[in-house]
Amino acid sequence: MKKVFLITILILVIPYCIVTLFMHEEEMKFYYDSNQVVRVKRQNTNTIERIPFELYVKGVLAGEMPANFEEEALKAQAVAARSYVLKKMEQNKEKEYDVVDTVDNQVYLSDEELKAKWKTDYVGKMNKITAAITATTGEYLSYNGKVAEAFFFSTSTGMTENSEEVFSEKLPYLRSVKSEWDEEVSPVFKEHHDFSLNDFYQLLGLKYQTKLQVTITKTTSTGRVKELMINGTTFTGNTVYQKLKLRSTFFTITQHGNSVSVTTKGYGHGVGMSQYGAEAMAKKGYRYDAILKHYYQGIEIKKIEKDV
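Residues numbered from 1 in each chain as written. Predicted model: local features only at pLDDT ≥ 70, side-chain atom pairs only at ≥ 80, totals over all residues. Heavy atoms only, no water.

Draft legend 1. Main features of the sheet that holds strand β12 (residues 259-265). What the 3 strands build is an open sheet, ordered β7-β12-β11; its pairing is antiparallel. Looking along the sheet, the strands with just one partner apiece sit at the ends: β7 (190-196) and β11 (251-256). Averaged over neighbouring strand pairs, the angle between their axes works out to 20° when direction is ignored. Running over the sheet, helix α8 (residues 197-204) touches β7, β11 and β12 and is turned about 100° from β7. (Pairing = 2+ DSSP bridges. Helix = DSSP H or I, 4+ residues; strand = E, 2+ residues; numbered from the N terminus. Axes fitted to C-alpha atoms, helices over the stretch in contact; angles between N-to-C directions. Contact = heavy atoms within 4.5 Å.)

Draft legend 2. Spotlight on the pairing of β7. Judged by which residues are buried, β7 turns out to be one-sided: Glu191, His193 and Phe195 face inward and are buried, whereas Lys190, His192, Asp194 and Ser196, on the alternate face, are not. Summarising the sheet, β7 and β12 pair through 7 bridges and their orientation is antiparallel. In the sheet register, aspartate 194 faces β12, and the bridge partner there is serine 261. (Buried < 20%, exposed > 50% of the residue type's maximum accessible area, 1.4 Å probe, protein only.)

Draft legend 3. Layout of unusual backbone geometry. A positive phi is found at lysine 119, a non-glycine position, where the angle reads about 50°. Within the secondary structure layout, lysine 119 lies in the loop between α4 (111-118) and α5 (122-135). Not every positive phi belongs to a glycine, and asparagine 231 is a case in point at roughly 50°. Considering the arrangement of structural elements, one finds asparagine 231 in the loop between β9 (225-230) and β10 (233-236). For asparagine 231, a relative accessible area of 17% translates into the label buried.

Draft legend 4. Highlighting the pattern of salt bridges. What the rule picks out here adds up to 16 salt bridges. For the salt bridge of lysine 283 with glutamate 70, the shortest nitrogen-to-oxygen distance reads 3.6 Å. In this pair, lysine 283 is assigned in helix α10 (residues 275-283) and glutamate 70 in the loop between α2 (53-64) and α3 (71-91), connecting sequence segments 213 residues apart. Residue class for lysine 283 comes out exposed when judged on its relative accessible area of 51%. Beyond isolated ion pairs, a larger network of salt bridges with shared partners links Arg42, Glu49, Asp101 and Glu113. (Salt bridge = Lys/Arg side-chain N within 4 Å of Asp/Glu carboxyl O.)

Here it is in structure tokens:
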């Protein structure tokens, strides 16, 4: 009986080893539990798709982070994305769908969309994405026994934000931490926008005046604009950010005659993990668990139970 068992193992293992050694450009196969699905609202078609859980996380990792990022950064993003959707599934279990496939939640791209996007680079990039998913399968962030709100964003200003200064809730694991590496690696750390004075006023719904007066009245602890006055009218920083299509609420506004210059620092809301910060940490040799524990203070990395 033992002999038959050994022969069976050899028959199964030898072909696998040959494929692994000599077929490096073949796409790696991804396995998941088929009874675990995410209900995803596809905005373009206004339909709801039921996507196997780990397959969904793979599509989010590919949609949210460049595939050429370091392996440890990709792993950190995979765990954060998995945590984010678990929380949404928890919150939306009585609703028609769990998440939408855009930046309103997490960007999800299907395999067909990724093939169209990556073209001849598809196999190499998908292998990197799949490896990061496989290495962290089932892992998520937990705080005091509950799934953590794993917010993430592109690029910090040098510091992340306290959750209550951007969103409504104060969460103990979403504290402001240093992320001074972003400037070294992010191509979107700073951005300059130039507007004609007339366009600037029109975008904000203000009456034209030759003199532009801007006063910042409230900021977060790291300097993001919470409230400001422009020619006597009060705006939230978020309103200006949206109307001018800026990359963040960390901005300065300067008049130059008949034009207005707006300079932003960072990209995104600033709460949780900075993706470019994670990339910089990975380049410096940090493992994905250290990256996650830096950006999410006091969390534990747990694994979904087999019967979930």
